[in-house]
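Now for the letters of each chain:
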Amino acid sequence: MSDFEGKKPVSANGDAVGAETGGVDAGSADQMLVSLGYTPEMQRNRSTLQVAFMSFVLASIPYGLATTLYYPLVGGGPVNIIWGWVAVSAIILCVAASLGEITSVFPISGGVYYHTFMLAPPAWRRIAAWTCGWLYVVGNVTITLAVNFGTTLFLVGCINVFETEDGEGVLAGEPYQVFLIFLGITLLCNAVSSLCNKWLPILDTFAIFWTFAGVIAIMVCVLAIAKEGRHDANWVFTHFEANSGWTPGWSFIVGLLHAAYATSSTGMIISMCEEVREPATQVPKAMVLTICINTVAGLMFMIPLVFVLPDIQGLILLAQPVPAIVKSAVGNSGGAFGLLIPLLVLAIICGIGCTTAASRCVYAFARDGAIPGSKWWKQINHKLDDVPLNAMMLSMVVQIILGLIYFGSSAAFNAFSGVGVIALTTAYAIPIVVSMLNGRQIVRTGSFYLGSLGWFCNIVSTCWSLLAIPLFCMPTTVPVLDPALMNYASVVFVGFTAISVGWYLAWGRSHYVGPPL
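Values in this document were obtained by computation on a predicted structure and should not be read as measured data.

K.L.:
Give a description of the overall build of the protein chain that names residues and reports values.
P.N.:
Of the regular secondary structure elements, the protein chain holds 21 helices and 0 strands. A compact globule built from 517 residues would reach a C-alpha radius of gyration of about 24 Å, and the protein chain, at 22 Å, matches this within 12%. Seen through its principal axes, the protein chain has C-alpha atoms that stretch 75 × 45 × 45 Å. Per-residue burial for the protein chain yields a buried fraction of 59% across its 517 residues. In the protein chain, 82% of the contacts between residues at least 6 apart in sequence involve partners at least 24 apart. When the 20 basic and 25 acidic side-chain charges of the protein chain are each reduced to a single mean position, those positions are 11 Å apart.

K.L.:
Pulling in residues and values, what's your account of the pattern of salt bridges?
P.N.:
In this structure the tally under the stated criterion is 5 salt bridges. Glu-163 is the partner of Lys-327 in a salt bridge, and the nearest nitrogen-oxygen pair spans 3.6 Å. Highlighted residues: Lys-327 in helix α15 (residues 321–330) and Glu-163 in the loop between α7 (125–159) and α8 (175–195), separated in sequence by 164 residues. We classify Glu-163 as partly exposed; its relative accessible area is 46%. Glu-274 is the salt-bridge partner of Arg-367, the closest N and O atoms lying 2.9 Å from each other. Residue Arg-367 is found in helix α16 (residues 333–367), and its partner Glu-274 is found in the loop between α12 (257–263) and α13 (279–307); the two are separated by 93 residues along the sequence. Judged on exposure class, the residue Arg-367 and its partner Glu-274 are both buried.

K.L.:
Report on the side chain of Ser-359, specifying residues and quantitative values.
P.N.:
Along the chain, the position of Ser-359 falls in helix α16. Setting aside its immediate chain neighbours within four residues, Ser-359 contacts Pro-388, Ala-391 and Met-392.

K.L.:
Tell me about a nonpolar patch on the surface, and name the residues and values.
P.N.:
Taken together, Tyr-176, Leu-180, Val-397, Ile-401, Leu-404 and Phe-407 make up a surface patch of nonpolar side chains, about 600 Å² in accessible area. Position of Ile-401 among the secondary structure elements: in helix α18 (residues 389–403). The class of Ile-401 is exposed, set by a relative accessible area of 53%.

K.L.:
Account for the packing of helix α5 (residues 78–103) against helix α20 (residues 452–471), with residues named and values stated.
P.N.:
The geometry of α5 relative to α20 is characterised by a closest axis approach of 8 Å and an angle of 120 degrees between their N-to-C directions. On the basis of their axis angle, the class for α5 and α20 is oblique. The two elements α5 and α20 cross, and the hand of that crossing is left-handed. Here Val-88, Ile-91, Ile-92, Cys-94, Val-95, Ala-97, Ser-98 and Glu-101 of α5 come into contact with α20, specifically with Gly-454, Phe-456, Cys-457, Asn-458, Val-460, Ser-461 and Trp-464.

K.L.:
Please set out empty space enclosed by the protein residue by residue, giving values where relevant.
P.N.:
The tally for this structure, following the rule as stated, stands at 7 cavities of 30 Å³ or more. Within this model, the largest cavity holds a volume of roughly 100 Å³. Forming the walls of the largest cavity are 13 residues, and the residues nearest its centre are Ile-92, Val-95, Thr-425, Tyr-428 and Trp-464. Elements supplying a minimum of two residues to the lining of the largest cavity: α5, α12, α19 (412–437) and α20. Here the element with the most residues in the lining of the largest cavity is α19; it accounts for 5 residues. In terms of residue class, the lining of the largest cavity is made up of 8 nonpolar, 5 polar and no charged. Every residue lining the second largest cavity is listed: Leu-58, Ala-59, Tyr-63, Gly-64, Ile-143, Val-147, Tyr-261, Ala-262, Ser-264, Ser-265 and Cys-350. Looking at the lining of the second largest cavity, the elements with two or more residues in it are α2 (48–59), α3 (63–67), α7 and α12.

K.L.:
Just give me the short version of α16, but keep the residues and values in it.
P.N.:
Taking 1.5 Å of rise per residue, 35 residues should cover 51 Å, and α16 covers 50 Å from first to last C-alpha, within 8% of that figure. The largest bend along α16 measures about 35 degrees and falls at Leu-340, with the proline Pro-342 one to four residues further on. Among the 35 residues that make up α16, 28 are buried, leaving the element largely enclosed by the rest of the structure. Regarding α16, its N-cap is Asn-332, as a side-chain oxygen of that residue lies 3.4 Å from the backbone nitrogen of Gly-334 further along. Once α16 finishes, Gly-369 follows within two positions and takes phi at roughly 75 degrees, a positive value.

K.L.:
Lay out the layout of surface pockets with the relevant residues and their values.
P.N.:
The space that makes up the second largest pocket amounts to roughly 260 Å³. Forming the boundary of the second largest pocket are 13 residues, of which Trp-134, Ile-371, Leu-394, Val-398 and Phe-496 lie nearest the centre. If you list the elements that add at least two residues to the lining of the second largest pocket, you get α7, α18 and α21 (489–511). Sort the elements by how many residues they give to the lining of the second largest pocket and α7 lands first, with 4 residues.

K.L.:
If you had to explain the nonpolar core to someone new, which residues and values would you point to?
P.N.:
If you look at the biggest cluster of nonpolar residues, it comprises 154 residues, and the most contacted ones within it are Phe-301, Val-322 and Phe-472. Those residues in contact with Phe-301 that sit more than four places away from it in its chain are Pro-62, Ala-66, Val-215, Ile-218, Val-322 and Leu-343.

K.L.:
I'd like a description of the environment of Gln-379, backed by residues and values.
P.N.:
Tracing the backbone shows Gln-379 in the loop between α17 (374–377) and α18. Residues Gln-379 and Asn-390 lie 11 residues apart in sequence; the distance between their C-alpha atoms is 6.7 Å. With sequence-adjacent residues up to four places away left out, Gln-379 is seen in contact with Val-387, Pro-388, Leu-389 and Asn-390. Here Asn-390 takes part through its side chain, which lies 3.4 Å from a polar atom of the side chain of Gln-379.

K.L.:
Please set out unusual backbone geometry residue by residue, giving values where relevant.
P.N.:
In this structure, the amide linkage connecting Ile-61 to the following residue, Pro-62, adopts the cis form with an omega of 15 degrees. Structurally, Pro-62 can be placed in the loop between α2 and α3. In this chain, Val-478 is followed by Pro-479 through a cis amide linkage whose omega measures -5 degrees. Tracing the chain through its elements places Pro-479 in the loop between α20 and α21. Look at Asp-385: it is not a glycine, yet its phi comes out positive at around 60 degrees. The backbone phi angle of Asp-386 is positive, close to 65 degrees, even though this residue is not glycine. Relative to the helices and strands, Asp-386 is located in the loop between α17 and α18.

K.L.:
Please give an account of the packing of aromatic side chains that cites residues and values.
P.N.:
Following the criterion strictly, the structure yields 21 aromatic pairs and no others. Ring geometry for Tyr-70 and Tyr-71: centres 6.0 Å apart, planes at 70 degrees, overall edge-to-face. Like Tyr-70, the residue Tyr-71 is buried in the burial classification. With a centroid separation of 5.3 Å and 55 degrees between ring planes, the pair formed by Phe-149 and Phe-182 is classed as tilted. Here the residue Phe-149 occupies a position in helix α7, and Phe-182 occupies one in helix α8, the gap between them amounting to 33 residues. By relative accessible area, which is 0% here, Phe-182 ends up buried. An aromatic cluster is defined as three or more aromatic residues linked by ring pairs; in this entry it consists of Tyr-113, Trp-130, Trp-134, Phe-365, Tyr-504 and Tyr-512. When the ring centre of Phe-117 is taken as reference, the NZ or CZ atom of Arg-125 above it lies at 4.7 Å. Over the aromatic face of Tyr-38 sits the side chain of Arg-367, whose NZ or CZ is 4.0 Å from the ring centroid.

Calculation notes
- Residues numbered from 1 in each chain as written.
- Predicted model: local features only at pLDDT ≥ 70, side-chain atom pairs only at ≥ 80, totals over all residues.
- Heavy atoms only, no water.
- Helix = DSSP H or I, 4+ residues; strand = E, 2+ residues; numbered from the N terminus.
- Rg over C-alpha atoms; globule rule 2.2 N^0.38 Å.
- Buried < 20%, exposed > 50% of the residue type's maximum accessible area, 1.4 Å probe, protein only.
- Contact = heavy atoms within 4.5 Å.
- Lys, Arg positive; Asp, Glu negative; His and termini not counted.
- Charge placed at Lys NZ, Arg CZ, Asp CG, Glu CD.
- Salt bridge = Lys/Arg side-chain N within 4 Å of Asp/Glu carboxyl O.
- Patch = residues over 30% accessible without salt bridge, like charges linked within 9 Å, V, L, I, M, F, W, Y side chains within 5 Å.
- Areas by Shrake-Rupley, 256 points an atom, 1.4 Å probe, with all protein chains shown as cover.
- Axes fitted to C-alpha atoms, helices over the stretch in contact; angles between N-to-C directions.
- Parallel < 35°, antiparallel > 145°, perpendicular 65-115°, else oblique.
- Left-handed = near helix turned anticlockwise from the far one by under 90°.
- 1 Å grid on protein atoms, 1.4 Å probe; cavity = no way out; pocket = protein on both sides within 12 Å on 5 of 7 lines; lining within 4 Å.
- Points joined across faces, edges and corners; volume = space filled by probe spheres on them.
- Nonpolar A, V, L, I, M, F, W, Y, C, P; charged D, E, K, R; others polar.
- Expected span 1.5 Å × (residues − 1).
- Bend = angle between axes of the 7 residues up to and from the residue.
- Polar contact = N/O pair within 3.5 Å; in protein donor to acceptor, adjacent residues only side chain to side chain.
- Core = buried A, V, L, I, M, F, W, Y, C linked by side-chain atoms within 4.5 Å.
- Phe/Tyr/Trp six-rings, centres within 6.5 Å; stacked < 30°, edge-to-face > 60°.
- Lys NZ or Arg CZ within 6 Å of the ring centre and 35° of its normal.

In structure tokens, the structure reads:
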């Protein structure tokens, strides 16, 4: 049993601060943070809508779905694209609700790492929090890497809607070209995130309107023009076509990486709790609301594309099929590129949002001494409007180093996205499981308590995690004849795990005490 009951957050005047009073305003939120043993160092400049908007930006539907459409095309075609998205969205809604319950009790930037420590019994809370924290950090960093790398590949695909006289794309997409574009995008996202912190809520608000304007433009144009015709509704919603080499049922499940990747950022918004005015109420509501908005936006984006889908056998030969789909629908390169611009802009905004959230995650974990060199990574740069600049730079350097994998494997993006989904999904599950082992006693004190529905959401979330871990280590297609096409997610995941375990044995076991009690 956790000893949370013996350590209720209190306000400055000694009154208990629970779910009912902890989220009244920025002042009481800072008082709660102080009562938990931390010094407030960042500005609370985000309202409820701004939190929801940033949560939306972290997923950036439809961009997140556009960059990974290859997976459901191979996995099962139209059925995998549409119904896979609906199924995963329903599951992730349970994950968001489960995390929301816990966050309403512990609204702090440490996120699931801090939740695990506070919920777990004293006998094993340190190792549980250490494991969850490293998974959370690895997930944040690799998902940010996957977003920026996906943007790079998507940009190359968009440019190549313009072709030479030989029918080849105008940009060869050599490894060095891809890496240099990725490097430029990564540096841009970090520059905006670090230098424009106080303007980021405005950027997130802009992204919402930009997204829906872009989706409507794509939806109207591809359906109205449809140069190569339209499929009937029966084909769009019922046609199943497995091209992965796996058995049909498993092929469909492997294709769920598309939706899982797009929704994997669900819990990343928790890392922003210390910059939110009323985190105990705003963040849980934002997570759940965003899943609902994302589900609708995703369907608005994908259903029109499936209606005008060209030959699937040709599309699965492309790393980024969406530019080709749009071009075939509108019939010319210039029009296709124009329709793809909203997705490219949203991709950059998504990269900025993920960069911001990942830096807060690294900062929070370093604040408790769990990362080598923590004294540097936990510093806040007050000259840049309270940005954890050193933590951001650490995340950026790790991403750039991992980006070099692309020189050895053209399937590097599979590894980045796979590791991100595995690590984040597992990190989300740990505090949920610990909470269930405690009989969900502590979440009863939160303002977002779901009662018996919470048990259902917790169980669904846990089952999803057990499926996701082995699933996203699998190669997308079999047999794997070219080593360059292998899914190296398991290799990257094991590498990070070895670093985590090694650092715990060398230092953490005798020095790491976890968050303040």
